[in-house]
Structures are given as structure tokens and as C-alpha cells.
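Listed here are the chains, written in short residue letters.
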Amino acid sequence: MPPVMPRLQQVAKMVMSRKKVVVLLLLEATLSLLLHQGSQLSWSLRLLFPAVAPRCPASPTRPKHTAVAFVKTHKTAGTTVQNILFRFAERHNVTLALPRPSCEHQFCYPRNFSARFVHPATRPPRMLAGHLRFNRAELRRLLPNDTVYVTILREPAAMFESLFSYYNRYCPAFVRVPNGSLETFLRAPRAYYRPDERFAMYAHNTLAYDLGGDNERNARQEPAYLAGLIRDVEATFSLVMIAEYFDESLVLLRRLLAWDLDDVLYAELNVRSAASRLASLPEGLARAVRRWNALDAGLYAHFNASFWDRVARAGRECVQHEARQLREARERLLRRCFGPRPRLRPAAEIRNKQLQPWQPLGNVGIVGYDLPSRSPWGSPSRDECLKLAMPELRRPSFREQKGLSKITRSNCQEPNAMQTEGFREVGLKMKLVNPSGFRGYP
Ligand SMILES: Nc1ncnc2c1ncn2[C@@H]1O[C@H](COP(=O)(O)OS(=O)(=O)O)[C@@H](OP(=O)(O)O)[C@H]1O
């Protein structure tokens, strides 16, 4: 019998050399794949190993662009974008157009925008971000020639579900529907909808209306009308963001304006609680929404496609890589501001009154962030965190920012004691109350 040890050594050598052959074969196959499928393979490798950064062109070193008009459409994540712009304007000392008090917070929406709706003390502005009905001539009259126009769209079925739930007790077309049921409304919208009554624009082609179009036109019977509206939007807006691809949209925005990634960090605002939203609309209902809002569906289909063309031109991998960096930086910021497990909470759980979102009537809950009672405020400061999560309707109006406001409006929702408290709390020279004497939606 041969001795056991040398025999084992022989077997081990054979296994090793077979392993080497297999490794060599694998290496060769990988190399030839790399040679033949280079770009696709690198894309898949990056999906597997996200830390591998794609080679992206360096950002242009031009000064940050500060002339921006953000036309905030309804229920499309616009409040979150608006908050980014407001904070940028404050940090960079850019004059921001604010509505005159009688226009409340929406620049006299649903009227066509007019430069007269802007508070005279904020004119001439370099930036504007708010709800308004788009009117190109008047915006051009108000804003500098180099203004970059931006807006945002959202998939129409999700947007309409949000509109229907938010305005359920305000918009007469929705109020008439038995049990406030979206399904019942969509079965026969004309039975509930009257085009000439107040707030009709919240119930029919709201995107088209906000962008200055005629929301009563029929996109199927008049395709030329839709094509013309698309052309008008394309002619003015340098960027149409898409709510479903919010972070990618912000990457494009940041590049367009030569801003830093830090300039577009955000906390999501105006979010409905999970209990007040439909997780997703059944396809039948989504189809009915698109039929009823065919102009909006046409706008979305067009601008969603052109958005991805634009991403492709910017380099899809680079945009996605940057969107990932943005998400990571945003998560860090949220943790620093709102604690190790930042969480959107119902208004009743938010102790800081300045962060309590306004609640519409009905079964809708709007959630928000709260500041921890104790935190080692350094960078970001408490004030920065407060502004990051501050609901639109809690932001001070121009007069209040300047400390000019003698609160004479009887309809202010909060007592003066709280305003003074808010004033002390954040150490700002402003009174934090509802802007422009806001009386509640819509
Ligand atoms: N970052 C981000 N990404 C995607 N979606 C977001 C984001 N931030 C806010 N939201 C959702 O946007 C909806 C609110 O939109 P608006 O702020 O435009 O509403 S409003 O017209 O000003 O009342 C609201 O949708 P619903 O919750 O479906 O109502 C928010 O949840």
C-alpha cells in the first residue's frame, strides 16, 4: 500500500491545477466579454457594484444661475420643489416674488397670472416659485430675460387620485359624488362636473389648466390643440420635471442651473398618510382617469418621453449615479435634522407647531416631520432643519418676514401668543403665521 500522505499531496495538486484551468478559462471569457460587450457589461457591473462610479463629465464651472421661475402645478410634488427654491433664495440672498396679500398664497389662482399679483416690495424679483396659472407674457414682463422656466408633471392617474382626495370637500364636482367615491365619479364625470363653477379646474385637466391651457378642450377630438399646448410648454420651459423620477429630475435641475448637489437636498412635503391614499389605482380606474383627463395624459406622455431623452443625452448612468448620491446625502441630512430614524408623522404627533401641516377637511391626513426636542444643533442648524420641513402654509409672508405685519386679519388661524412663541423659538425677525391671511383651501 502506498503511504497515505504522498497520495493525498498528489490528489491535492491535481485539484489545484484543475482549479487553475477553470480560473484561467473564466478570466478569458470575462476578457472577451469585456472586449465585445464593453458598455453593456460595465452598466450591469455598476448595477451589481454601485460603488463603482461611472466616468461622468465634470460639472461646468459657471456661476450658479439665480433667475428661475418654477410654475407649481397641483398635486405633483411641487411644494417640495418650491421649498428647495425658497431655501436657495434665502441662502443666496435672491429676491423672491411673493404674492400680494389679497392674492393669498397662490398668486390669485385660478385667475391668469398677472405681474400685479406680486407684492410690490418683492419687485423686481429674480425668482418665483408658486402656484399660479401660467401666463407667459406677464411672467416675462415681471422676470429677467435670462429666467429659466421650470415646471413639474405627475402621472395623471396618481395625480387625479390625490386631487380627488385632497379637494373632496371643497370642489363641488367632487362634493356631489355619493360617498365621495372616485370610482362613482369616474363612471360618469359629466353627471357631477360643471365647467363654469368655482374650482372646476381641480376636477378636469388640472395640469393643462395650470399651464395656461383650456382644460375643456377634447384631446381626442382635437389632437392639434394638444400638440399646440405641448409646443407652447416646450417653447418656454427649459425643464419639465417628472414627479415619479423626482431625484433624477433634481439632478437635471441642478445641472441646468449649475447648482451644487447640496442646493437640491429636500424633505418631502405635503404627503398624505398611507391611510388616506390608494396604494395604486386599479388599471380600469387609471384608464378612466386618463380618458377624462386626456389633455393631461397627453402632456404627461409627451414630457415623460422627452424627460428620458434628456436623461440619455446627459448620460443615463451619470444621472442615476448622481441621483444615488443625492439620496444618500438627503438621508444623512434627514437623520441629522430629525433623529436617527426620521419619520413622517401625523399632525397630532408633531409637537413643533410650525411644522404641523395644514389638514384638509375629510378623511385626509397630511403628515410631516418633527424636530427632536433635544439635539446637538451644529450644522445643519435648527433653523435650517425647521425650514427644510416647513409646510408651505407655515412660511411667513413678505410683510411678516420684514416684521411689518400688524396682524389685523380676523381670520388668522393661530393666536398671537403662538406667533410670538414661534418668533422666539427660531430667533428670526419674522412672525410665523399663515402667509397672506390664508383662509384655508382651496
Ligand atoms: N419627493 C417627492 N417625490 C414624489 N412625490 C412627492 C414628493 N414630495 C411630495 N410628493 C407628493 O406630492 C403630492 C403633493 O403635491 P404638491 O405639493 O404639488 O401639492 S399642492 O398642489 O401644493 O397641494 C403628494 O402626493 P399624495 O400624497 O399622493 O397626495 C406628496 O406625497
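Residues numbered from 1 in each chain as written. Predicted model: local features only at pLDDT ≥ 70, side-chain atom pairs only at ≥ 80, totals over all residues. Heavy atoms only, no water.

Draft legend 1. Spotlight on the overall build of the chain. When its secondary structure is counted, the chain shows 15 helices and seven strands. By the burial criterion, 51% of the 442 residues in the chain qualify as buried. Sequence-distant contacts, at least 24 apart, represent 72% of the contacts inside the chain between residues at least 6 apart. Surface exposure of the chain reaches about 22,300 Å², of which carbon and sulfur atoms provide 54%. (Helix = DSSP H or I, 4+ residues; strand = E, 2+ residues; numbered from the N terminus. Buried < 20%, exposed > 50% of the residue type's maximum accessible area, 1.4 Å probe, protein only. Contact = heavy atoms within 4.5 Å. Areas by Shrake-Rupley, 256 points an atom, 1.4 Å probe, with all protein chains shown as cover.)

Draft legend 2. Seen up close, the state of the cysteines. One pass over the structure, following the stated rule, counts three disulfides. A sulfur-sulfur separation of 2.1 Å characterises the disulfide bridge that pairs Cys56 with Cys318. Across the disulfide from Cys56 to Cys318, rotation about the S-S bond amounts to roughly -105°, and the bridge is consequently left-handed. Taken together, the residues span a long stretch of sequence, with Cys56 in the loop between helix H1 (4–48) and strand S1 (68–72) and Cys318 in helix H12 (residues 316–338) at a distance of 262 residues. We classify Cys318 as buried; its relative accessible area is 7%. The disulfide partner of Cys103 is Cys108, and the gap between their sulfur atoms is 2.1 Å. The sign of the -85° torsion about the S-S bond sets the Cys103-Cys108 disulfide as left-handed. Each bonded cysteine of the chain is numbered by sequence order, and under that numbering the disulfide pairs are 1-4, 2-3, 5-6. There is no disulfide at Cys171, and the cysteine sulfur nearest it, in Cys108, is 19 Å away. (Disulfide = S-S within 2.5 Å.)

Draft legend 3. Examining helix H10 (residues 283–292) more closely. The complete set of buried residues in H10 reads Leu285, Ala286, Ala288, Val289 and Trp292. Viewed end-on, H10 has its buried residues packed into an arc of 160°, placing them on one side of the element. On the buried face of H10, the contacting elements are helix H4 (156–166), helix H6 (182–187) and helix H11 (294–314). (Arc of directions from axis to C-beta.)

Draft legend 4. Representation of the packing of H11 against H12 in the model. Their axes nearest at 5 Å, the elements H11 and H12 cross at an angle of 95°. The angle between the axes of H11 and H12 places the two elements in the roughly perpendicular class. Here H11 contributes Trp308, Val311, Ala312 and Ala314 to the contact with H12, which in turn contributes Arg316, Cys318 and Val319. Across the contact of H11 with H12, the residue classes tally to six nonpolar, no polar and one charged. (Axes fitted to C-alpha atoms, helices over the stretch in contact; angles between N-to-C directions. Parallel < 35°, antiparallel > 145°, perpendicular 65-115°, else oblique. Nonpolar A, V, L, I, M, F, W, Y, C, P; charged D, E, K, R; others polar.)

These results come straight from atomic positions and should not be treated as a statement about function.
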